Amino acid sequence: MVNTLPQSTPKQPKAGIKEPSQETILTPRFYTTDFETAANLDLSAQETELTAMLEEMRADYNRHHFVRDEAFEQSWEHIGGESRRAFIEYLERSCISEFSGFLLFKELSRKLKGRSPLLAEIFQLMARDEARHAGFLNKAMGDFKVSLDLATVTKTRTYTFFPIEWVIYTVYLSEKIGYWRYIIIYRHLQKHPENQFYPIFRKFESWCQDENRHGDIFKALLRSQPQLWKTWKARLWSRFFLLSVFATHTLTVHERASFYDSLGLEATEFDRQVVRNTNETAGRAFPVMLNTEHPKFFPRLQRCSGYNLKISEIERSSGPKLVKLIRKLPLIAAIVWNLLLLYLIEPIDTEALRETVR
Ligand SMILES: [Fe+2]
Ligand SMILES: [Fe+2]
């Protein structure tokens with residue numbers, strides 16, 4: 001963990017400004033990277049693809065999309081209790097994660113300006129999209145009388161240093177998993193309009209196309225760097241990042257099952273659909289994908305989620321910190337053990353699949 005920005009002293013929150021939820025291993029992270037290496041990436045192998053993606057980004061298909069139409073102009077006080085709490089938490093997490101993308105892309109664009117003009121402009125346009133997404137979510141939070149002070153969040157959040165290679169793997173996955181999360185909710189609500197309790201979900205179809213494009217840009221970046229897919233190390237890293245993203249997803253979706261309930265979605269089913277689809281998509285960029293059809297794959301992830309829920313229960317309970325820690329340790333060990341066993345499940349070699357198709 002590296003702090004690149006000064007920590008400001010905590011102030012009393014202003015009225016209507018929500019204190020961001022506590023950072024945990026599962027909350028969206030803010031990243032910083034090695035900008036020098038990023039500026040020197042040789043993009044020649046994917047230059048055509050990246051130039052085409054830049055044209056798409058310039059076209060800005062969604063410039064009129066993020067408008068709060070009349071559907072938003074009403075009181076939302078009828079959404080109360082657990083549904084309200086769970087929805088606000090969903091909005092907050094999504095807002096932080098979009099905003100984290102904005103900060104990283106903006107910084108990359110700034111640092112690469114004049115050195116890698118193609119990437120600098122692409123990152124600037126991606127930052128434009130993520131700023132829109134984060135702003136739209138924050139306004140939605142405002143409908144529930146809370147919002148995030150993003151300027152303060154920028155200054156007080158912990159920034160994690162990731163080498164540019166890790167950034168490429170993780171941002172690729174978070175864009176693609178973001179795409180699937182948005183589109184699956186959208187399609188479900190198309191079929192079950194009675195569960196559409198707030199108009200933001202109607203925006204998800206075009207919204208997820210932004211994430212899909214961002215993912216495609218990162219795919220081109222990944223494929224431009226042979227060390228990210230051609231080597232045995234790349235295979236091990238790919239497995240690692242796929243599993244970390246899927247495990248985080250499973251754990252957070254089950255922590256927030258009541259939100260999915262309010263949409264008429266079953267958390268476990270939603271989670272599996274997102275993981276399966278993201279894994280398939282990632283297979284087009286990564287040298288391996290995980291074997292989600294292995295009989296132990298989802299049961300083990302589910303077990304991790306169960307342990308995680310027990311940990312949260314212990315955290316909420318009263319009692320001395322040390323006692324809580326002692327109660328949590330075997331559960332943490334069980335999660336780590338199951339993740340290790342998941343990691344060891346033989347993955348699917350997507351490069352070999354590509355060869356066969358050719
Ligand atoms: Fe976004
Ligand atoms: Fe994105």
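All of these numbers come straight from a predicted model, not from anything done at the bench.

Draft legend 1. Looking closely at the overall build of the protein chain. Helix and strand counts for the protein chain stand at 13 helices and six strands. Structurally, the protein chain occupies a C-alpha span of about 55 × 45 × 45 Å along its principal axes. Looking at the protein chain as a whole, 34% of its 358 residues are labelled buried. The long-range share in the protein chain, meaning contacts at least 24 apart out of those at least 6 apart in sequence, stands at 81%.

Draft legend 2. Region of the structure containing the confidence of the model for the protein chain. Per-residue confidence for the protein chain gives a mean pLDDT of 93, with 96% of residues at or over 70. Within the model, the stretch residues 1–11 combines pLDDT values under 50 with 16 contacts to residues more than four positions away or in other chains.

Draft legend 3. Fine view of the packing of helix α2 (residues 47–59) against helix α4 (residues 117–143). Axis separation between α2 and α4 bottoms out at 10 Å; the angle between their running directions is 35°. Two packed elements cross with a definite hand, and for α2 against α4 that hand is left-handed. Along its contact with α2, which presents Leu50, Thr51, Met53, Leu54, Met57 and Arg58, the element α4 presents Leu118, Glu121, Ile122 and Leu125. Residues that form the contact of α2 with α4 fall into these classes: seven nonpolar, one polar and two charged.

Draft legend 4. Main features of the nonpolar core. Core analysis: the biggest nonpolar cluster contains 76 residues, and Ile122, Phe123, Ile168 and Tyr172 have the highest contact counts within it. The contact partners of phenylalanine 123, leaving out residues within four places of it in the chain, are Phe105, Leu108, Ser109 and Leu112.

Draft legend 5. Fine view of the UniProt feature "domain: Rubrerythrin diiron-binding" (unreviewed entry) in the protein chain. In the numbering adopted here, UniProt assigns the feature "domain: Rubrerythrin diiron-binding" (unreviewed entry) to residues 89–222. Summarising residues 89–222: 78% helix, 4% strand, and an end-to-end C-alpha distance of 32 Å.

Draft legend 6. Expanded view of unusual backbone geometry. For aspartate 60, which is not glycine, the phi torsion reads 50° and is therefore positive. Inspection of the secondary structure puts aspartate 60 in the loop between α2 and α3 (81–112). A residue is classified by how many C-beta atoms lie within 10 Å of it, and aspartate 60, with 13 of them, is partly exposed. A positive phi angle, close to 65°, is found at lysine 145, a residue other than glycine. Within the element layout of this structure, lysine 145 appears in the loop between α4 and β3 (147–148).

What counts and what doesn't
Residues numbered from 1 in each chain as written. Chains lettered and ligands numbered in written order. Predicted model: local features only at pLDDT ≥ 70, side-chain atom pairs only at ≥ 80, totals over all residues. Helix = DSSP H or I, 4+ residues; strand = E, 2+ residues; numbered from the N terminus. Buried ≥ 20, exposed ≤ 12 C-beta atoms within 10 Å, placed from the backbone. Contact = placed C-beta atoms within 7 Å. pLDDT = per-residue confidence, 0-100. Axes fitted to C-alpha atoms, helices over the stretch in contact; angles between N-to-C directions. Left-handed = near helix turned anticlockwise from the far one by under 90°. Nonpolar A, V, L, I, M, F, W, Y, C, P; charged D, E, K, R; others polar. Core = buried A, V, L, I, M, F, W, Y, C linked by C-beta atoms within 7 Å. UniProt positions renumbered as here; feature names shortened; annotations may be inferred.

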